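The chain contents come next:
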Amino acid sequence: MARSVVITGLGVVSPFGAGAAAFWQGLVEGKSAVVPITRFDPSGFACRLGGEVTGFSAKDSVPKHYRKAVKVMARDIELAVGAAKEACEDAKLVTRGTLAEDSTDPTTYPGARMGCHIGAGLISAESDELTAAFATARGEDGAVDLSAWGSRGMENLTPLWMLKYLPNMLACHVTIIHGCEGPSNTITCAEASGLLSVAESARVIERGAADICFSGSAESKLSLMGMVRTQYAGRLGTAGTGEATSGGQCVKAFDPAGACGAPAEGGAILILEEAASAARRGVPVYARISGTGAGHSARRPYEGDGQPDLGLQAAIENALDDAGLTPADIDALVLMGTGVAGIDLAEAGAVSAVFGAKAATLPVVTLGAAIGNTMAGNASLLAAAGALCVRHQRVPARLNAGSPVLAGAKGDSAAMKIKHVLVATSSLGGQNAAAVLSDPGLQ
Amino acid sequence: MSRKVVITGMGWITPLGHDVLTVWDALLKGQCGMGAVERFDARSFRTNFASQVKGFNLKNFMPAGDAESHADATMSSKFALAAARQAVRQAGLDKSGSFNPRRFGIYLGAGEGAMDFANYSASHLAGWNEQTRRVEGKPFAQAALQRLTVPCETEQEPNLTVSHVAWDLGIRGPASNCMTACAASTQAIGEALELIRRGDADVMLAGGAHSMIHPLGMTGFIRLTAMSQRRDDPQTAARPFDATRDGFVMGEGAAMVVLESEDHAKARGATPLAEVAGYGSTADAFRITDIAPEHRGAQESIKAALRQAGVDPREPGAGGRSSVHYFCAHGTGTKENDKLETAAVKAVFGPLAPSVPFSSVKSMLGHLIQAAGAAGAIVCVQAIRTGWVPPTINLHHPDPLCDLDHVPNVARDLNPVGGVRVCLNNSAGFGGQNDTICIRAV
């Protein structure tokens, strides 16, 4: 008998603020947290709007004895650590991170049965710290002189400097805080990272290598280099340069006229748990992960050409096969929808290839207009949104400003019967992922 | 019932050569790839040497037109493309129509590419305000958007290596990239194995690629004092298990294997080179800088890999030697790693630990970082195929805490005692990831 996997906890840090409740409320009310950037002066960039997380401090998310470690956490790591704490509490898990340091109380699961899969991006070094060091190694022409950098400049960086920025540090800090000694991984596939991580956690639990996993992703693109890279990746436009003051006004997901994405920061951690074990604990279940799939686009990298994405189509079909379902069984879609036509139409083409005429009638949930594009944080936020749709039997409001090719036109949040929701995403590099989240009452 | 998974193709680009047999021959001869850093002016860097790939040209591995398509790729992505071409050729999967693209996946542990240091630093300095000690957004943006190029920045994204290789080979199956530091490509092979066992793919290309021989890559490890600083003698700087070791030597390269279900290999008449029989993965959950006491995470990942393979580490095999015939060590040459990895092997194998040949090819190749694990996997397959195991060179003053059989300085022919049938390949990463795979003769 195959072990099945359910979601028993959610933690979200999004531009709507810390917490899954704030995230869901923002989506249901149709708000946009994509607003003028205040983290730095964006006036040198064409895009001036972004989804910043405010009112969140990682210090509040770590046990007292671990607060010193926050100093070696890049923003991306802080977001993951914060989301992990909420997810843990939401799933009513006792870990060593929820206990007092000297406590001898038992944890819900032994460390060896706890896994951790947290996707990440290419973390940008903090500009101020690094540049302060560069400034000590200038040559006569004002540029960094490598000889001076090697002999003295680099000494201005803290010895642990590199460890702030290794992508696996999101998962590492979470494993250390919560005592996850089972399989742990860091998938770095741009926007697909979070969903590929959820799929890997699900496989790990299914094959019996762990009973529970912290699973998701996080990234912050709200930094100077983050802006450059997101723009260069063709994900941004001119949001905020014209009259629009929020993403709801200018981010047009799945619209042939879409030319505006927005950078963001955030992430989500899901607690994935072996179903029978979760049932024994008697914790509420958001959704069952009834199928996962992946596929590669196998085309020239980072060119969104609007042509139907064969890799995404493969991922979706693989997920449906894995779940033993057909397109007719799916009640709603949760898709990336960046607001950039070349990317979105490639996704829409894949969805249409799988769902045929039904694609035009299925409710579509997207986050681009509401919170922007966090890159690696995206797909875990999509998965969290999908799980919340199943939990609340409701789809959020739709903010699209334009005329989308999929059924994503502007509309209020609506209650509806959701047995199965399909979460799917493409990515900058052509790695695609999909998962079917199902009403846990169904068998 | 899980599907048996075999390796049918291999390829690598390393500082000791650009094909499997050349590098294997060099390893058995105890050759060493280290020398002064040539990629940039590192003369003032406390560690000014590395183990670099030499004389590499992607056009030697594919038609010039194909190579041109990948002109913007980072050097490590190009290493990966070349290694992947070797692997699929050996596996007989290089002809169009020779596989079902949707059933062919890829799982790499590849790293980020080198940044454009001069323009990156200049862009930051353009925005630097000495009074506020902050980088101001507007002048930074103006400089950066003018100086930094789209291909150079975008190719640094860690998933782009997978993108290039999948595009080159026409792979449409499950695709992933992981970055668990120095454990990444062992983990990639392990997870690829599990995807085939689960039935998500018939064939997976798995491995890793990395180069951190660039100013900020070297800076990071120098600040951590993880690298050897033996500036006067790069050729003997990597001294795993030696009492005088003072850190690892940075290497670079790529290593790839083709994994497929045995049934699939048989059906198409491919020759299995070895079986990937077991995989274990754990986290130390201890500290971001230090390995857990007794390397307990590695003990558990080694045990898990052996459990899957059905090998009892305490049960002697023929001739009284361990039933594991070769242990390809992580063996970085840092004080902490080598001591604790030795302790882990002792804890797992008990009285049989001294009978396990346990060497580090990092003494010769340097540390290929994210590609290191996959290189170790190829070493294991070659050990099985030839009956020889490579040495740990520069091992002249054994550390009393590293007192196992590290195959000092000279390769060993194990054919007289029955050859090599079962190997372990072990990796560990900063932050506490441990991954082990068991590779067995078919």
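Every value quoted in this text rests on a predicted model; they were computed, and no experiment measured them.

Some details on the overall build of chain B
Check the secondary structure of chain B and you find 14 helices and 16 strands. In terms of C-alpha radius of gyration, chain B reaches 21 Å, essentially the compact-globule figure of 22 Å for 442 residues. Viewed in the frame of its principal axes, chain B has a C-alpha envelope of about 70 × 55 × 40 Å. When each of the 442 residues of chain B is scored for burial, the buried share is 67%. Contacts spanning at least 24 positions in sequence make up 79% of the contacts within chain B whose residues lie at least 6 apart.

A few points about the nonpolar core
Considering soluble globular proteins, one finds that nonpolar side chains tend to be buried as a cluster. In this structure, Leu270(A), Ala384(A) and Val257(B) are the most contacted members of the largest nonpolar core, which totals 326 residues. In this structure, Val257(B) is in contact with Ile7(B), Gly9(B), Met10(B), Ala87(B), Ile189(B), Ala206(B), Gly207(B), Ala374(B), Ala377(B) and Ile378(B), ignoring residues within four places of it in sequence.

Thoughts on helix H4 (residues 117-126) of chain B
For H4(B), the complete set of buried residues consists of Tyr120(B), Ser121(B), Ser123(B), His124(B), Leu125(B) and Ala126(B). In this fold, the buried residues of H4(B) make contact with helix H3 (127-135) of chain A together with strand S5 (128-129), strand S6 (134-135) and helix H5 (137-147) of chain B.

Details of helix H10 (residues 310-323) of chain A
Residues and elements named next belong to chain A. For H10, built from 14 residues, the straight-helix expectation of 20 Å at 1.5 Å per residue is met to within 8% by its first-to-last C-alpha distance of 20 Å. Most of H10 is tucked away: twelve of the 14 residues are buried. Listed in full, the buried residues belonging to H10 are Leu 310, Gly 311, Leu 312, Gln 313, Ala 314, Ala 315, Ile 316, Asn 318, Ala 319, Leu 320, Asp 322 and Ala 323. Buried positions along H10 lie against strand S9 (287-296), helix H11 (341-355), strand S14 (420-425) and strand S15 (431-438). The first or second residue beyond H10 is Gly 324, which carries a positive phi of 70°.

Points about the pairing of strand S1 (residues 5-14) of chain A
Residue and element names in this part refer to chain A. Most of S1 sits out of view: ten of its ten residues are buried. Of the strand pairs in this sheet, S1 and S9 are connected by three bridges, and their pairing is antiparallel. Bridging from a neighbouring strand, Ile 7 pairs with Ala 287 of S9. Sheet analysis places S1 next to strand S2 (residues 17-18), joined by two bridges and oriented antiparallel. Paired with Val 13 across the strands is Ala 18, a residue of S2. Hairpin connection of S1 to S2: two residues between the antiparallel strands.

Notes on the packing of helix H2 (residues 75-90) of chain A against helix H5 (residues 169-178) of chain A
Residue and element names in this part refer to chain A. One way to put it is that H2 packs onto H5 with a least axis distance of 9 Å and a crossing angle of 40°. Put simply, H2 runs oblique to H5. In this structure, H2 meets H5 at a crossing whose hand is right-handed. Of H5, the residues touching H2 (which contributes Asp 76, Ile 77, Ala 80, Val 81, Ala 84 and Cys 88) are Met 169, Leu 170, His 173, Val 174, Ile 177 and His 178.

Some words on the interface of chain B and chain A
Contact residues are listed per partner, giving 78 residues for chain B and 77 residues for chain A. At seven residues, H5(B) tops the list of elements feeding residues into the side of chain B that touches chain A. Class assignment for the residues of the side of chain B that touches chain A results in 35 nonpolar, 26 polar and 17 charged.

A closer look at the confidence of the model for chain B
Residues of chain B with pLDDT of at least 70 account for 100%, and the chain-wide mean is 97. Predicted complex metrics record ipTM = 0.98 and pTM = 0.98.

Quick notes on the domain arrangement of chain B
Domain assignment breaks chain B into domain 1 (14-115 + 156-440) and domain 2 (117-152). A straight line from the C-alpha centre of domain 1 of chain B to that of domain 2 of chain B covers 37 Å.

Reading the values: the criteria
- Residues numbered from 1 in each chain as written.
- Chains lettered and ligands numbered in written order.
- Predicted model: local features only at pLDDT ≥ 70, side-chain atom pairs only at ≥ 80, totals over all residues.
- Helix = DSSP H or I, 4+ residues; strand = E, 2+ residues; numbered from the N terminus.
- Rg over C-alpha atoms; globule rule 2.2 N^0.38 Å.
- Buried ≥ 20, exposed ≤ 12 C-beta atoms within 10 Å, placed from the backbone.
- Contact = placed C-beta atoms within 7 Å.
- Core = buried A, V, L, I, M, F, W, Y, C linked by C-beta atoms within 7 Å.
- Expected span 1.5 Å × (residues − 1).
- Pairing = 2+ DSSP bridges.
- Axes fitted to C-alpha atoms, helices over the stretch in contact; angles between N-to-C directions.
- Parallel < 35°, antiparallel > 145°, perpendicular 65-115°, else oblique.
- Left-handed = near helix turned anticlockwise from the far one by under 90°.
- Nonpolar A, V, L, I, M, F, W, Y, C, P; charged D, E, K, R; others polar.
- pLDDT = per-residue confidence, 0-100.
- Domains from an automatic or database assignment.

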